[in-house]
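So the chains spell out like this:
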Amino acid sequence: MDLTDRKKRILKAVVEDYIRTAEPVGSKAIAQEMGGSVSSATIRNELSDLSDMGYLEQPHTSAGRIPSPKGYRLYVNELMERQRLSVAETEKINQSLQMKMEELDRVISQAGKAVSSFVNYPAYAATAVKSSVTASRFDLLPVDEKSCIVVMMMGDRVKSQLLRLQLKVDRDQMSALVELLNRHFTGISTKEMNERLMAVVQGITPQLFLLLSQTVNYAVEMLEEADRREFITAGTNQLLKLPEFRDADKAHQLMSFLADDKEKLPVPDEGPMKILIGPENVSDALKDTSVVVASYDIGDDMRGLIGVVGPTRMDYATVAARLTGFADGLTRLFGKKEPHELPPKEDTDT
């Protein structure tokens, strides 16, 4: 069955009516919006076809239709009109981001609160992390025969820790190990570190391998910690204003997720923005919601992100435009001038 232009116009009308009213949309309402150019009977047939094709759903208590996740996806990809921020909205965003550069955590926290109040949905932000952080240098400082301090440089940071050894290692062996670490374990990912550790096991003594293994494990732990984002959520109480979350158990489940499991919130894998609709979200707690998340550049190969969580009945055009405005504002704040764009269209079965 073809998805004709008329079907697309009707689907667009259903989505936008449902976003506005949170009520199932009937054929009469659509006929009025289309100015009487299409009869109610024809619209009913088209609504039936769109339901059969999986773009609409019909609640059992109503004759009207609501969009399915597939319908929202088509709307976002093809039918949604891209919005531009008004001068007043742009000014409001810029004012909310007028903070000192050195107060990075406060900037991110304030941005999350501002986004939530601006779109009336819960928002989240994450501290920026340096992509592909690697160890740049190792040193081992002997303390006694069975302990040493491992020192690791990664970018502009230095980490150190006392290691207790199970076997004695003399200073000559330790010097050889420092050379081995700096030759084979700098400038590579944690995955490559573990692979190389297994590759060198045959070429060194058990004492050296034991210390090498302890050092590499410590380095992997520090590098993974450096890559970890700190998530900040704001405006979770906005959920209580939405018809979809009148059920207290449903609202509590999502609010608990945003409070306790926020590290599982989506992160853009590529591109400046990503929109995930309903079951496209990996986390079960987000299966009945949509997430719009944008990234921003902070310089020095660092990226941060800011996102919005709401019902699938989200006003995607408005949220995408405002979130893009905030991401661009943060990018400018941290010294990068390139503007963001809305996400590329994804493949949709028609």
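Not measured: the values here are computed from a predicted model. (Residues numbered from 1 in each chain as written. Predicted model: local features only at pLDDT ≥ 70, side-chain atom pairs only at ≥ 80, totals over all residues. Heavy atoms only, no water.)

Trainee: Got a minute to help me understand the overall build of the protein chain in this structure?
Mentor: Looking only at helices and strands, the protein chain has 11 helices and 10 strands in total. Scored against the burial criterion, the 350 residues of the protein chain give a buried share of 47%. Restricting to contacts in the protein chain with at least 6 residues of sequence separation, those with at least 24 account for 62%. A total of about 17900 Å² of accessible surface is found on the protein chain, and carbon and sulfur atoms cover 46% of it. (Helix = DSSP H or I, 4+ residues; strand = E, 2+ residues; numbered from the N terminus. Buried < 20%, exposed > 50% of the residue type's maximum accessible area, 1.4 Å probe, protein only. Contact = heavy atoms within 4.5 Å. Areas by Shrake-Rupley, 256 points an atom, 1.4 Å probe, with all protein chains shown as cover.)

Trainee: Just checking my understanding: could you explain the nonpolar core for this structure?
Mentor: Nonpolar side chains in soluble globular proteins tend to be buried together. In terms of nonpolar packing, the biggest core is built from 73 residues, with Ile30 and Tyr316 touching the most fellow members. If we skip the residues at most four places from it in the chain, Tyr316 touches Tyr72, Tyr75, Val76, Met80, Ile275, Ile277, Ser290 and Pro311. Counting residues in hydrophobic clusters, the runner-up holds 32 residues, among them Met154, Val178, Leu197 and Leu211. (Core = buried A, V, L, I, M, F, W, Y, C linked by side-chain atoms within 4.5 Å.)

Trainee: Before we go on, may I ask you to explain helix 7 (residues 171-184) in this structure?
Mentor: The end-to-end C-alpha distance of helix 7, which contains 14 residues, comes to 20 Å, matching closely the 20 Å that a straight helix rising 1.5 Å per residue would cover. Every buried residue of helix 7 is listed here: Met174, Leu177, Val178, Leu180 and Leu181. All buried residues of helix 7 project into a common sector of 165 degrees when viewed along the axis, lining one side. Turned more than 90 degrees away from the buried face of helix 7, the exposed residues are Asp172 and Glu179. Looking at the buried positions of helix 7, the neighbouring elements they touch are strand 4 (137-144), strand 5 (147-154) and helix 9 (206-226). (Expected span 1.5 Å × (residues − 1). Arc of directions from axis to C-beta.)

Trainee: Even after reading the chapter, I still don't get the environment of Ile306, so can you show me in this structure?
Mentor: By secondary structure assignment, the location of Ile306 is in strand 10 (residues 302-311). Accessibility expressed as a relative area gives 0% for Ile306, which makes it buried. Once the C-alpha coordinates of Ile306 and Thr324 are considered, the two residues, 18 residues apart in sequence, prove to be 9.5 Å apart. With near-sequence residues (within four places) excluded, Ile306 lies in contact with Ala111, Gly112, Val115, Tyr124, Ala125, Val292, Val293, Ala294, Leu323 and Leu330.

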